[in-house]
Amino acid sequence: MDSATYIAIASIITSGLTMAIGSIGPALGEGRAVATALTSIAQQPDASATITRTLFVGLAMVESVAIYCFVVSMILIFANPFWNAAVAATAAAATAAGN
Amino acid sequence: MRLSPDQMVFWQSGFVKLNGTIVFTWALMAVMVIGSILVTRRLSNEMSRSRWQNLLEIIVTGIQDQIKEVGLKHPETYIGFIGTLFLFVAVSALSSIIPGFEPPTSSLSTTAALALSVFVAVPIYGIAERGFGSYFHSYVEPTFVMLPFNIISDLSRTLALAIRLFGNMMSGTMILAILLTITPFIFPVAMSALGLLTGMVQAYIFSILAAVYIASATRTRKAAPAKPVAAA
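These remarks concern the structure in this document. (Residues numbered from 1 in each chain as written. Chains lettered and ligands numbered in written order. Predicted model: local features only at pLDDT ≥ 70, side-chain atom pairs only at ≥ 80, totals over all residues.)

Focus on the overall build of chain A
Move 1: Counting its secondary structure elements, chain A contains 4 helices and 0 strands.
Move 2: The order of α-helices and β-strands along chain A, N terminus first, is α-α-α-α.
Move 3: Principal-axis analysis of the C-alpha atoms gives chain A an extent of 80 × 20 × 10 Å.
Move 4: Among the 99 residues that make up chain A, the fraction classed as buried is 9%.
Move 5: Counting only contacts in chain A whose residues sit at least 6 apart along the sequence, the fraction spanning at least 24 positions is 84%. (Helix = DSSP H or I, 4+ residues; strand = E, 2+ residues; numbered from the N terminus. Buried ≥ 20, exposed ≤ 12 C-beta atoms within 10 Å, placed from the backbone. Contact = placed C-beta atoms within 7 Å.)

Structure representation (structure tokens):
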């Protein structure tokens, strides 16, 4: 197998694992945050506007980690510099062999 | 598969490229500016107003209340900047309903530009409110050792702003594109609705975070006078 195949295998496996493992932590954290927010809204319904706003800001912060993992995964699939370099190298080798 | 509207090129001459991001941003600007001019041509103070004026008043007073709740005392100074951030990201997310339109915030260039404008605006508002010395003194605030960490936190929260908005918008459009090739009709409609919801939430988050950063930069430490608890 040539290096382009190795790069493809590594990129595909890594991008899948990145998304799978990287979304466990944020999902657990967001679940706990929402559960605590619901408890405090039940205890103090007057402050529910403040609690909701703070909850959303906190959820966005936690969600950012999952978004970083998603961006890395997308880069590995669609904008992979190693794959592009390998493809360019094989194309150059093919034109050199053909000439 | 296209990762962002940067790769849709409408016109090109030399190195000047008119790509999808620029054209969609211009379209959004035209719609918002011309719409506002048309609505505010005849503002009325009496009981009967046009419904568009009512809508704009609801939006403006809503943003003002949010800015006041974050802790900025005079929202008129900041509503131009923060309100524009919210409106641009919100209208860009809402317009993804229009077929063929891709929100310009789904490109890292637009979100990086918005995050950079927040990064520049925070010191400007801080210095305008507190003066040079007090603002730069806040960087060494707890101890002098915290100086590099404060600077790094400034840079990293700017980066986080850009990537958060880009990731949310890009994932919305990409999931829709992938689902359309798998299961037509019902499931993509549900995902499109979810994309609208996350777009509005991200617009709110972006502007509220900008307001929080500005509030922490303009907060002056004045000893609050202790009020007596019970007037005996």
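Comments concerning the interface of chain B and chain A
Move 1: Contacts between the two partners involve 12 residues from chain B, matched on the other side by 11 residues from chain A.
Move 2: Taken together, the elements giving at least two residues each to the side of chain B that touches chain A come down to helix H6 (147–182) and helix H7 (186–218) of chain B.
Move 3: Looking at the side of chain B that touches chain A element by element, the count peaks at 6 residues for H6 of chain B.
Move 4: In terms of residue class, the side of chain B that touches chain A is built from 8 nonpolar, 3 polar and 1 charged. (Nonpolar A, V, L, I, M, F, W, Y, C, P; charged D, E, K, R; others polar.)

Some words on the environment of Ile-41 of chain A
All names here are of chain A.
Move 1: When you line up the elements, Ile-41 lands in helix H2 (residues 24–43).
Move 2: The spacing of Ile-41 and Leu-28 is 13 residues in sequence and 20 Å in space, taken between C-alpha atoms.
Move 3: Leaving out residues up to four positions away in the same chain, Ile-41 has contacts with Ser-48 and Ile-51.

Quick notes on the nonpolar core
Residues and elements named next belong to chain B.
Move 1: One finds Ile-82, Leu-85, Val-89, Phe-206, Ala-210, Ala-211 and Ile-214 to be the most contacted residues of the largest nonpolar core, which totals 34 residues.
Move 2: At 10 residues, H7 tops the list of elements feeding residues into this core.
Move 3: Those residues in contact with Leu-85, other than ones at most four positions away along the chain, are Leu-114, Phe-206, Ser-207 and Ala-210. (Core = buried A, V, L, I, M, F, W, Y, C linked by C-beta atoms within 7 Å.)

Remarks on the packing of helix H3 (residues 48–78) of chain A against H7 of chain B
Move 1: The interhelical angle for the contact between H3 of chain A and H7 of chain B, taken along N-to-C directions, is 95°, at an axis separation of 10 Å. By the angle between their directions, the pair H3 of chain A and H7 of chain B is classed as roughly perpendicular. Counted together, Phe-56, Val-57 and Ala-60 of chain A of H3 of chain A and Val-201, Tyr-204, Ile-205 and Ile-208 of chain B of H7 of chain B form the full contact between these two elements. (Axes fitted to C-alpha atoms, helices over the stretch in contact; angles between N-to-C directions. Parallel < 35°, antiparallel > 145°, perpendicular 65-115°, else oblique.)

Examining helix H2 (residues 51–70) of chain B
Residue and element names in this part refer to chain B.
Move 1: Taking 1.5 Å of rise per residue, the 20 residues of H2 would be expected to cover 28 Å, and the 29 Å separating its terminal C-alpha atoms lies within 8% of that figure.
Move 2: All of the buried residues in H2 are Ile-63, Gln-66, Ile-67 and Val-70. Along H2, the residues classed as buried sweep out an arc of 100° about the axis, all on the same side. Away from the buried face of H2 by more than 90 degrees, exposed residues Arg-51, Asn-54, Glu-57, Ile-58, Thr-61 and Asp-65 are located.
Move 3: Next to the buried residues of H2 lie helix H3 (75–94) and H7.
Move 4: Trailing H2 by a residue or two, Gly-71 shows a phi angle of about 120°, which is positive. (Expected span 1.5 Å × (residues − 1). Arc of directions from axis to C-beta.)

Digging into the pairing of strand S2 (residues 16–19) of chain B
Residue and element names in this part refer to chain B.
Move 1: In this structure, strand S1 (residues 9–13) lies alongside S2, joined through 4 bridges in antiparallel fashion. Among the inter-strand pairings, Val-9 is bridged to a residue of S2, identified as Asn-19.
Move 2: Adjacent in sequence and paired antiparallel, S1 and S2 are bridged by 2 residues, among which Gly-14 carries a positive phi angle near 70°. (Pairing = 2+ DSSP bridges.)

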